[in-house]
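A structural walkthrough
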There are 2 protein chains.
Amino acid sequence: MDQNNSILSEIFKGISFPNNEIDLIESKLETINLKKGDTLLRADETVLYQYYVYKGCIRTYYIDKYGKEHTLQFAINDWWISDYTAFFSTEKAIMHIEVLQDAELYRISKKDMEILFTETTQLETFFRKKMEKAFASFQKRILSNLAASAKERYVSFRTTYPNIEQNVKNYHIASYLGITTESLSRIRKELTQD
Amino acid sequence: MDQNNSILSEIFKGISFPNNEIDLIESKLETINLKKGDTLLRADETVLYQYYVYKGCIRTYYIDKYGKEHTLQFAINDWWISDYTAFFSTEKAIMHIEVLQDAELYRISKKDMEILFTETTQLETFFRKKMEKAFASFQKRILSNLAASAKERYVSFRTTYPNIEQNVKNYHIASYLGITTESLSRIRKELTQD
DNA sequence: TTAAAAAATTGACCTATGGTAATAAAATTA
DNA sequence: TAATTTTATTACCATAGGTCAATTTTTTAA
């Protein structure tokens, strides 16, 4: 198939694959359609896939010993998502993955990724660079949690992810920022008063 | 050179390189010896290298707008360290890197890494996997900051990194945990009373 | 389009951790 | 080993953000 007509040109933007590889890669990608509220993964499950978000909004969250939810990541169009700690190891999932807005995803299995990596170095480079970017954004998140107040983190979240805020509930954002929904509400009030 | 006598067998444990590659890789690694208190990198500098810690103890920290330090990572034997956000991009460093115990390091430049990646896929795979592990540990750190109390985080730090605690000051640990040195002191007192 | 459910806001009060300052202990260095 | 500097501890008070409970607003579904 011609790559120009293929989802590959969206997912792996910037890479042009030899024709013989395109069909192989496409054969490893599986489409999934999910509805708002659906669960993609639960803690304790085995994590076989990572997911490319073509449409919709997804979040990964952790449930602590008190039953409290903590949002690790949101994903919208053109993001990859999974419980990577489990996906990269042989551990079971610790995260839950939930659909916040009707979603169209492509999934690829760990096994197939390894096969593809041996076929085409470009793909391994692509995912290595994705990982570097994700690592960098986690680093910024850690520093922001250490150095910034709740209010500052919220303002920064809004400017960094304006497209996410529209898709999610305030209590999702609060659980991402590490504060309660009541605190977020007070912060929002202060901000409108400024 | 025979890989068995080479630092390569330590740094890239588990990979056996073809003989013709060993000299090439070694030619890209540079030894650096530093004293306690030395600075390896300052914010605003260009980050050309990543560093393999063969001996000693290193930390990366961020200085916020109030002048307060926040430790992002410690590194001891067999860890790689850099300001990765800058190293992987074209941005200037936001981190400082400081030597906490006399250190023997090997550094490799970004440019040389790219050259080596085109020579040998094994190296790219090695660094991709390193990055996956580092990403996973940052994920755990974020969740721990969201879900655990200062006391829990300290206890967890001690059990996860028993070899680091010996090498660093309490205020380094406090700034890693996101608390003041006074709070850490109170927590330590409580723990001895238990 | 209305009823029911879910989400957000607000107020009163509470708690974990921060700030300051003084002292003690430990580590350097002379 | 004595002197000096650095680090850690402690006490007292301050505050950001949490908890609980009531209410309002928004969303969803009948």
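The model shown is predicted, which means the values in this text are computed figures rather than measured ones.

Attention now goes to the protein's contact with DNA strand D. Looking at DNA strand D, there are 18 residues lining it, with A:Ala150, A:Ser183, A:Arg186, B:Asn170 and B:Tyr171 nearest. Within 4 Å of the protein, the atoms of DNA strand D are drawn from sugar and phosphate moieties in a proportion of 72%. Here a sugar or linking oxygen of DNA strand D and a side-chain polar atom of B:Ser185 are 3.0 Å apart. Every element with two or more residues in the surface near DNA strand D is listed here: α9 (181–193) of chain A together with α8 (170–177) and α9 (181–193) of chain B.

For the pair chain B and chain A, the relating rotation is 180 degrees, the translation along its axis is 0.0 Å, and the fit reaches an RMSD of 0.0 Å. Considering both components of the superposition, the chain copies are consistent with a two-fold axis. By residue overlap, the copies meet face to face through one surface: 100% of the interface positions of chain B are interface positions in chain A.

All names here are of chain A. Counted by the stated rule, this structure contains 40 aromatic pairs over all chains. Between the aromatic rings of phenylalanine 74 and phenylalanine 157, the centroid separation amounts to 6.1 Å while the plane-to-plane angle is 55 degrees, which identifies the pairing as tilted. Residue phenylalanine 74 is located in strand β4 (residues 69–75), and its partner phenylalanine 157 is located in helix α6 (residues 150–160); the two are separated by 83 residues in the primary sequence. One exposure class covers both phenylalanine 74 and phenylalanine 157, and it is buried. Grouped by ring-pair contacts, the aromatic residues Phe12, Phe17, Tyr52, Trp80, Phe117, Phe126 and Phe127 constitute a single cluster. Here arginine 59 stacks its cationic end above the ring of tyrosine 61, 3.9 Å away from the centre of that ring. Between arginine 141 and the ring centre of tyrosine 176, over which it is positioned, the NZ or CZ distance is 3.7 Å.

All right, on to the protein's contact with DNA strand C then. In the vicinity of DNA strand C, 18 residues are found, and the nearest of them are A:Tyr171, A:Arg186, B:Glu182, B:Ser183 and B:Arg186. Of everything in DNA strand C that lies within 4 Å of the protein, sugar and phosphate atoms constitute 64%. One nitrogen or oxygen atom from the main chain of B:Thr180 is found 3.2 Å from a phosphate oxygen belonging to DNA strand C. Here a base oxygen of DNA strand C sits 2.6 Å away from a polar atom, N or O, in the side chain of B:Arg186. Elements with a minimum of two residues in the surface near DNA strand C: α8 (170–177) and α9 of chain A together with α9 of chain B.

UniProt tags residues 33–117 of chain A as "domain: Cyclic nucleotide-binding" (unreviewed entry). Annotation note: span residues 33–117 of chain A, helix share 14%, strand share 52%, distance between end C-alpha atoms 26 Å.

Before going further, it helps to spend a moment on α8(B). Residues and elements named next belong to chain B. Burial within α8 is extensive, with six of its eight residues counted as buried. His172, Ile173, Ala174, Ser175, Tyr176 and Leu177 are the residues of α8 that are buried. Looking one or two residues beyond α8, the residue adopting positive phi is glycine 178, at roughly 85 degrees.

Another point: the pairing of strand β3 (residues 49–63) of chain A. Residue and element names in this part refer to chain A. Where β3 meets strand β6 (residues 95–109), twelve bridges bridge the pair, whose relative direction is antiparallel. Considered in β6, the bridge of cysteine 57 is made with glutamine 101. In this sheet, β4 lies alongside β3 in antiparallel orientation, the contact comprising six bridges. Residue pairing across strands places tyrosine 61 opposite threonine 71, the latter belonging to β4.

Another point: the packing of helix α6 (residues 150–160) of chain B against α9(B). Residues and elements named next belong to chain B. Running from N to C, α6 and α9 cross one another at 75 degrees; their axes reach a closest spacing of 10 Å. Comparing the axis directions of α6 and α9 gives the class roughly perpendicular. Touching Ala150, Lys151, Tyr154 and Val155 of α6 are Leu184, Ile187, Arg188, Glu190 and Leu191, all from α9. Of the residues assigned to the contact of α6 with α9, the class counts are six nonpolar, no polar and three charged.

With that settled, consider the nonpolar core. If you look at the biggest cluster of nonpolar residues, it comprises 91 residues, and the most contacted ones within it are A:Phe12 and B:Phe12. Sequence-distant contacts of A:Phe12, defined by excluding residues within four places in its chain, comprise A:Phe17, A:Ile25, A:Trp80, A:Leu123, A:Phe126 and A:Phe127.

How each quantity is defined
Residues numbered from 1 in each chain as written. Chains lettered and ligands numbered in written order. Predicted model: local features only at pLDDT ≥ 70, side-chain atom pairs only at ≥ 80, totals over all residues. Heavy atoms only, no water. Near = heavy atom within 4 Å. Polar contact = N/O pair within 3.5 Å; in protein donor to acceptor, adjacent residues only side chain to side chain. Helix = DSSP H or I, 4+ residues; strand = E, 2+ residues; numbered from the N terminus. Least-squares fit on C-alpha atoms with pLDDT ≥ 70 in both. Contact = heavy atoms within 4.5 Å. Phe/Tyr/Trp six-rings, centres within 6.5 Å; stacked < 30°, edge-to-face > 60°. Buried < 20%, exposed > 50% of the residue type's maximum accessible area, 1.4 Å probe, protein only. Lys NZ or Arg CZ within 6 Å of the ring centre and 35° of its normal. UniProt positions renumbered as here; feature names shortened; annotations may be inferred. Pairing = 2+ DSSP bridges. Axes fitted to C-alpha atoms, helices over the stretch in contact; angles between N-to-C directions. Parallel < 35°, antiparallel > 145°, perpendicular 65-115°, else oblique. Nonpolar A, V, L, I, M, F, W, Y, C, P; charged D, E, K, R; others polar. Core = buried A, V, L, I, M, F, W, Y, C linked by side-chain atoms within 4.5 Å.

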